[in-house]
Amino acid sequence: SWAPPLYERNINEGRPVRIVCVGAGFSGLCAAVHFKDHLTNFELQIYERGDDVGGVWNQNRYPGVACDVPSHSYQLSFCEKTDWSAYYAPGSEIHGYLSTVAERYNLRQYIKLQHTVTHTRWDEERGKWFVTVTNAAGESHEDECDFVLFATGLLSKPIWPDNIPGRASFKGTMVHSGDWKAAKLPEDPAFWADKRVGVIGMGASGVQIVPTLQKKALSVTNFGRSKLWISGGWGSKMFEKLHKYKKDRGTNYFFTDEDIAAFKSEEAYRKFRCEIEEDLGSTHELSFRGHPLQAVFADKFTETMRDKLARKPEIAAAILPDFPVGCKRLSPGPGYLEALCEDNCGLVTDKIESFTPRGIRTADGTEHELDIIVCATGFDVTFIPAFPIIGRGGINIQELWAKESRTYLGMFAPEMPNAFNVLTTQAAAGSGSLLVVLEQQCAYITKMIGKCQRDGYRSFAPRRKAVDDFLKYTDAYFGRTVLTSSCRSWYKNGETGEATIRAIWPGSGSHAFMALQHPRWEDFEWETIKE
Ligand code: N01
């Protein structure tokens, strides 16, 4: 067959490269679109352990799973959907959206589903990564590539409450919120109808699960060991806007047919999206210590929470925080406080002493008899994938990052040449949609690969000083914010007080957008290809 001679190639076309990406969630799909649009002469292979694209949105099927970022902001800028059914879209709709992205950009050609990466290793001699993969039949092979992307998810490794003894003794059904699908539990409410359910945890997941179960279950007991701010109903234009939308029995806010029709007009859609983004960003200043808005928000949230809990004031007394608004992730919590006030629902704040064959025993000696226990106890944010990543000099990232992840801009580590983290550590912005950061990361990574292709570089890695400076900046930044005040949160990997924060980007979404616009080539060490 005819092929153009070498000199007829596009002058800007670089050397051929092979890229392997681990994960086909938002990050893997977004990166693939960027590569398709901006690189030539590349091969891409994406390995996904799940049975479909979508990452956590494929995996997370717990009752009430939804996004707590407004749907028009929680999507990729190059693939806009206007007919979202709800202000906070249900998980299944987001999963459907990600399938559409895969179809529209013809990405399935790159993806192997039910292929689990079990080992990755950098070969210094050859300047290549070797990725070991196992398929559903248990067969393994090794894939050799120039670049590897870890798009393994920000919150995808469930943490069980292992500090509570007796888990194995429970005779009913026990599931982690993130494992509902993996545990093959039915999504139909008939499954929990007339059952006694315990939900451990009151983070974003617990707050979505409780009101959904409460409607059909015989009883729902929420076990909470902390306090939390629920923002729903007041705080910014965004929450005021919620009242415009039809409410479905207190759990979500659905758009009317007229709203959806209006969003079909480019102008109305843009206006709405801009308002949301402005609103998400506007809460950023709240995160600074001593900001006058802190007291305003705390007063108003207190008033709203007390109002919603008027039927059970003892719950308000138990959960109203003694830490500043924004210390841990704020939850809009539609329907949560209302559900707690229903007769078949309640909050238990006594310490859990143990699991028993029949349920949960708390410190006051009560045995709470339960048929189902949902552990909405969060995720491991050490950002170490479940498989070894062996970098330069045989260093295993599992050991290197055991205490904390050390990166440059959340994407690069000195010991890991030609490797990228996408939307894992130091990526999500505390205010703004994390997908804005994701897109910017994917653009940055595409530029790095393009430069290697065109300019004759075999590998690159960030300078140690660049990493040190970024971490110094990160620590100084968070020290000025309320995120390092007294509460416990996953931002601090489950610790309290002034613990180090490595889980999120040090700044707002807009800050990340600006900071990641142009790669700083001088912050990397480049190694040329040896002739
Ligand atoms: O997890 P969490 P999550 N005994 O870590 C409690 C994203 N997300 O899955 O606060 C008793 O926030 C723990 O108590 P404490 C979103 O970014 C997004 O709810 O540590 N309790 C806490 O109450 C979110 O922020 C969406 O004292 C125990 C809860 O369990 C992030 O995921 C939807 C315990 C864990 O809360 C994490 O949310 C859902 C123990 N041993 C999630 N261990 C979207 O809408 C933990 N707890 C996009």
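Calculation rules
Residues numbered from 1 in each chain as written. Predicted model: local features only at pLDDT ≥ 70, side-chain atom pairs only at ≥ 80, totals over all residues. Heavy atoms only, no water. Helix = DSSP H or I, 4+ residues; strand = E, 2+ residues; numbered from the N terminus. Rg over C-alpha atoms; globule rule 2.2 N^0.38 Å. Buried < 20%, exposed > 50% of the residue type's maximum accessible area, 1.4 Å probe, protein only. Contact = heavy atoms within 4.5 Å. Areas by Shrake-Rupley, 256 points an atom, 1.4 Å probe, with all protein chains shown as cover. Lys, Arg positive; Asp, Glu negative; His and termini not counted. Charge placed at Lys NZ, Arg CZ, Asp CG, Glu CD. Salt bridge = Lys/Arg side-chain N within 4 Å of Asp/Glu carboxyl O. Pairing = 2+ DSSP bridges. Axes fitted to C-alpha atoms, helices over the stretch in contact; angles between N-to-C directions. Near = heavy atom within 4 Å. Polar contact = N/O pair within 3.5 Å; in protein donor to acceptor, adjacent residues only side chain to side chain. Nonpolar A, V, L, I, M, F, W, Y, C, P; charged D, E, K, R; others polar. Core = buried A, V, L, I, M, F, W, Y, C linked by side-chain atoms within 4.5 Å. Right-handed = clockwise from strand over helix to strand, strands pointing away. pLDDT = per-residue confidence, 0-100. Disulfide = S-S within 2.5 Å.

Participant: Explanation requested: the overall build of the protein in the structure shown.
Facilitator: Of the regular secondary structure elements, the protein holds 14 helices and 25 strands. Its C-alpha radius of gyration of 24 Å places the protein within 12% of the 24 Å reference for a compact globule of 531 residues. Summarising its shape, the C-alpha atoms of the protein cover approximately 80 × 55 × 45 Å along the three principal directions. Expressed as a percentage of the 531 residues in the protein, the buried residues total 56%. A sequence separation of at least 24 residues applies to 71% of the contacts in the protein between residues at least 6 apart. In the structure as shown, the protein presents an accessible area of about 22,600 Å², 51% of it carried by carbon and sulfur atoms. Separation of charge centres in the protein, based on 62 positive and 67 negative side chains, amounts to 2 Å.

Participant: Just checking my understanding: could you explain the pattern of salt bridges for this structure?
Facilitator: Close approach of charged atoms allows side chains with opposite charge to pair. Enumeration over the complete set of coordinates arrives at 39 salt bridges. The partner of Arg15 in a salt bridge is Asp146, with the nearest N and O atoms 3.8 Å apart. A residue pair is termed long-range when its members are at least 10 positions apart, and Arg15 in the segment before strand E1 (17-22) and Asp146 in the loop between strand E6 (140-145) and strand E7 (147-150) qualify at 131 residues. With respect to class, Arg15 is no different from Asp146; both count as buried. When salt bridges with common partners are traced through the structure, they connect Arg196, Arg358, Glu367, Glu369 and Asp371 into a single cluster.

Participant: Can you help me understand the sheet that holds strand E16 (residues 367-369) in this one?
Facilitator: The pairing of strands in a sheet happens through backbone hydrogen bonds and is either parallel or antiparallel. Taking strand neighbours across the sheet as the criterion, the 3 strands line up as E14-E15-E16 in an open arrangement whose pairing is antiparallel. The two strands at the open ends of the sheet, each matched to only one other strand, are strand E14 (352-356) and E16. When strand polarity is set aside, the average angle formed by the axes of neighbouring strands in this sheet is 25°. Here E14 runs beside strand E15 (residues 359-362); their pairing, made up of 4 bridges, is antiparallel. Note on E15: the bridge partner recorded for Ser354 is Arg361.

Participant: Can you walk me through the site of the ligand in this structure?
Facilitator: Near the ligand lie 26 residues; those nearest to it are Asp68, Ser205, Ser226, Arg488 and Trp490. At 2.9 Å, a side-chain N or O of Arg225 approaches an oxygen atom of the ligand. Between the ligand and Trp490 there is a distance of 2.7 Å, counted from an oxygen atom to a side-chain nitrogen or oxygen. Here the ligand loses 86% of its free accessible area of 920 Å² to cover by the protein chains. Sort the elements by how many residues they give to the shell around the ligand and helix H4 (residues 204-214) lands first, with 3 residues. When its residues are assigned to classes, the shell around the ligand shows 13 nonpolar, 8 polar and 5 charged.

Participant: Help me understand the nonpolar core in this model?
Facilitator: Grouped burial of nonpolar side chains is what soluble globular proteins tend to show. Phe26, Phe35 and Leu107 are the most contacted members of the largest nonpolar core, which totals 132 residues. The element best represented in this core is helix H12 (residues 434-455), accounting for 10 residues. Apart from residues lying up to four places away in sequence, Phe35 is in contact with Ile19, Phe42, Leu44, Leu149, Ile445, Thr446 and Ile449.

Participant: Can you help me understand the side chain of Gln453 in this one?
Facilitator: Examined against the element boundaries, Gln453 turns out to sit in helix H12. Looking at Gln453, the relative accessible area reads 6%, which means it is buried. Separated by 3.0 Å, the side chain of Gln453 and the backbone oxygen of Thr40 make a polar contact. Apart from the residues within four sequence positions on either side, Gln453 is in contact with Gly14, Arg15, Val17, Leu39, Thr40 and Asn41.

Participant: What is the right way to look at the environment of Ala429 in this model?
Facilitator: Relative to the elements of secondary structure, Ala429 occurs in strand E20 (residues 428-429). A relative accessible area of 9% places Ala429 in the buried class. Setting aside residues up to four positions removed in sequence, Ala429 forms contacts with Val437, Trp505, Gly507, Ser508 and Gly509.

Participant: Whenever I open this one, the pairing of strand E9 (residues 196-200) confuses me. Can you help?
Facilitator: The side chains of a regular strand alternate between both faces of the sheet. In terms of burial, E9 is a largely internal element, 4 of the 5 residues being buried. The parallel pair E9 and strand E10 (residues 219-223), bridged by H4, forms a crossover whose chirality is right-handed. Pairing geometry for E9 and strand E17 (residues 372-375), over 4 bridges, is parallel. By the bridge assignment, Val199 is partnered in E17 with Val374.

Participant: Sorry, what's going on with the sheet that holds E6 here?
Facilitator: In spatial order, the strands read E6-E5-E4-E18; together these 4 strands make up an open sheet with mixed pairing. Since the sheet does not close on itself, it has two edges, and those belong to E6 and strand E18 (389-390), each with one partner. Two strands pair when backbone bridges link them, and strand E4 (residues 115-123) and strand E5 (residues 128-135) are joined in this way by 8 bridges, in the antiparallel orientation. Counterpart to Asp123 in the pairing with E5 is Lys128.

Participant: Looking at this structure, how should I read the side chain of Gln214?
Facilitator: Along the chain, Gln214 turns up in helix H4. Given the relative accessible area of 12%, Gln214 is considered buried. For Gln214, the residues in contact, after removing those within four places along its chain, are Val220, Ala339, Glu342, Asn344 and Cys345.

Participant: Looking at this model, I keep getting lost on the confidence of the model for the protein. Mind explaining?
Facilitator: Any segment with low pLDDT has predicted coordinates that should not be analysed in fine detail. In this model, the protein carries a mean pLDDT of 91, and residues with pLDDT of at least 70 account for 95%. In the predicted assembly, ipTM is 0.97 and pTM is 0.93.

Participant: What is the right way to look at the state of the cysteines in this model?
Facilitator: Inspection of every chain in the model, using the stated rule, returns 1 disulfide. The disulfide that involves Cys327 links it to Cys487, with 2.2 Å between the sulfurs. Note on the Cys327 and Cys487 pair: the S-S dihedral is about -90°, so by sign convention the disulfide is left-handed. Of this pair, Cys327 sits in the loop between helix H9 (313-319) and helix H10 (336-340) while Cys487 sits in the loop between helix H13 (464-479) and strand E22 (488-489), and the two are 160 residues apart along the sequence. A relative accessible area of 0% places Cys327 in the buried class.

Participant: Mind showing me how you'd approach the environment of Gly23 here?
Facilitator: For Gly23, the location among the structural elements is in the loop between E1 and helix H1 (26-38). Gly23 gets classed as buried once you look at its relative accessible area, which sits at 9%. Residues Gly23 and Val374, 351 residues apart in the sequence, show an inter-C-alpha distance of 26 Å. Not counting residues up to four positions away in its chain, the partners in contact with Gly23 are Gly28, Ile46, Tyr47, Glu48 and Ala151.

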